[in-house]
Amino acid sequence: MVPTATPPRELPTDLSERFELWASGIPYELGFWTHWAKTQGGGWPDEFAARMNPEAPLVPWLADRATATGLTHLRVLDVGAGPVTSIGYVPPPGMTMELVATDPLADAYTRIFDALGLKRPVPTTFAPAEELSAFLPEDSFDIVHCRNALDHSFDPIRGLTEMLRVVKMGGQIMLYHNANEAESEAYSGFHQYNFDVEDERFIIWRGATRWDVQTELPIRTWIRARRRGHVAVLIEKRKPMPIERENRFRARFAETSRALMNLIIRRSLG
Ligand SMILES: C[S@@+](CC[C@H](N)C(=O)[O-])C[C@H]1O[C@@H](n2cnc3c(N)ncnc32)[C@H](O)[C@@H]1O
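If you're wondering where the values come from, they're calculated on a predicted model, not measured in any experiment. (Residues numbered from 1 in each chain as written. Predicted model: local features only at pLDDT ≥ 70, side-chain atom pairs only at ≥ 80, totals over all residues.)

Chemist: Tell me about the overall build of the protein chain, and name the residues and values.
Modeler: The helix and strand inventory of the protein chain stands at ten helices and ten strands. What you see for the protein chain is a C-alpha radius of gyration of 18 Å, in line with the 18 Å of a compact globule of 270 residues. Reported as C-alpha extents along the three principal axes, the dimensions of the protein chain are approximately 60 × 45 × 40 Å. Across the 270 residues of the protein chain, 32% fall into the buried class. By sequence separation, contacts in the protein chain at least 24 residues apart represent 65% of the contacts at least 6 residues apart. (Helix = DSSP H or I, 4+ residues; strand = E, 2+ residues; numbered from the N terminus. Rg over C-alpha atoms; globule rule 2.2 N^0.38 Å. Buried ≥ 20, exposed ≤ 12 C-beta atoms within 10 Å, placed from the backbone. Contact = placed C-beta atoms within 7 Å.)

Chemist: If you had to explain the site of the ligand to someone new, which residues and values would you point to?
Modeler: As a structural note, the neighbourhood of the ligand is formed by 20 residues, with Gly-80, Gly-82, Ala-129, Ala-149 and Ser-153 the closest of them. Here the shell around the ligand is built from residues that sort into nine nonpolar, seven polar and four charged. (Near = placed C-beta within 6 Å. Nonpolar A, V, L, I, M, F, W, Y, C, P; charged D, E, K, R; others polar.)

Chemist: Break down the sheet that holds strand S8 (residues 209-212) for me, with residues and values.
Modeler: Strand order in this open sheet of three strands is S6-S7-S8, and the pairing throughout is antiparallel. Lying at the two open borders of the sheet, with one neighbouring strand each, are strand S6 (194-198) and S8. Looking at each pair of strands side by side, their axes are set apart by 25° on average, direction ignored. Pairing analysis gives four bridges linking strand S7 (residues 201-206) to S8, with the strands arranged antiparallel. Residue pairing for S8: Ile-204 is matched across the bridge by Trp-211. (Pairing = 2+ DSSP bridges. Axes fitted to C-alpha atoms, helices over the stretch in contact; angles between N-to-C directions.)

Below, the structure written as structure tokens:
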């Protein structure tokens with residue numbers, strides 16, 4: 001499938017077609033962040049300064065959650081962080097923090113920032129949400145945060161399942177997204193899925209495909225979903241994830257490599 005001017009509303013069943021739709025968002029995203037880096041934030045200079053400032057405090061909603069853990073050392077993951085995380089670097093008093101930021105465009109972001117000689121407090125490293133546990137240890141983060149990125153992914157349920165793998169037991173996943181953005185952006189570029197809240201349940205949908213997230217996840221979780229302008233979701237891991245290890249990675253690798261090969265073949269045929 002060659003990218004079309006009007007992306008389909010329905011979710012393609014074929015993974016390589018989903019990659020194709022997802023990939024059509026890359027030029028816009030890299031163009032946006034290249035401009036953002038070159039102009040030091042463009043219309044948002046204060047936000048640029050805060051993201052590049054290693055002394056910036058953890059944003060309040062994360063700081064509150066961090067304090068509530070009662071921990072003295074916190075490990076935080078920002079998924080789909082963009083080139084520079086937006087969540088801040090300094091935890092509340094009495095606490096130390098390790099912060100990891102990931103994004104599938106991380107290597108391209110590094111080229112952009114290196115070319116401009118811009119040093120980021122925490123450089124974003126490569127990992128799509130859907131493959132977090134291939135790059136990060138399981139059960140290793142107290143808080144996993146994701147803002148305006150999971151609805152840009154090629155498989156958000158798989159992304160959430162992977163977040164559950166890398167978060168510790170009792171740890172929390174914090175999601176913050178625009179409501180139904182794919183629909184309002186006509187499924188263009190990275191806008192792949194709609195996030196919404198219905199009867200306090202977290203719903204992800206595209207066209208006729210609709211998931212009630214709690215019933216899709218592989219383990220029991222506690223979920224609080226609110227829609228006040230944005231869709232804010234808190235997910236707590238209440239059970240250990242089933243151990244699959246070797247076979248899961250082989251099956252994943254087989255599925256993903258086949259989809260990517262088919263995409264390359266389609267592109268080389270024009
Ligand atoms: C609108 S930006 C948001 C960046 C940052 N979270 C923020 O709030 O400024 C969306 C980000 O989602 C990332 N993204 C796209 N697909 C993703 C996926 N499969 N897994 C994780 N992040 C993804 C994009 O590369 C991009 O950096």
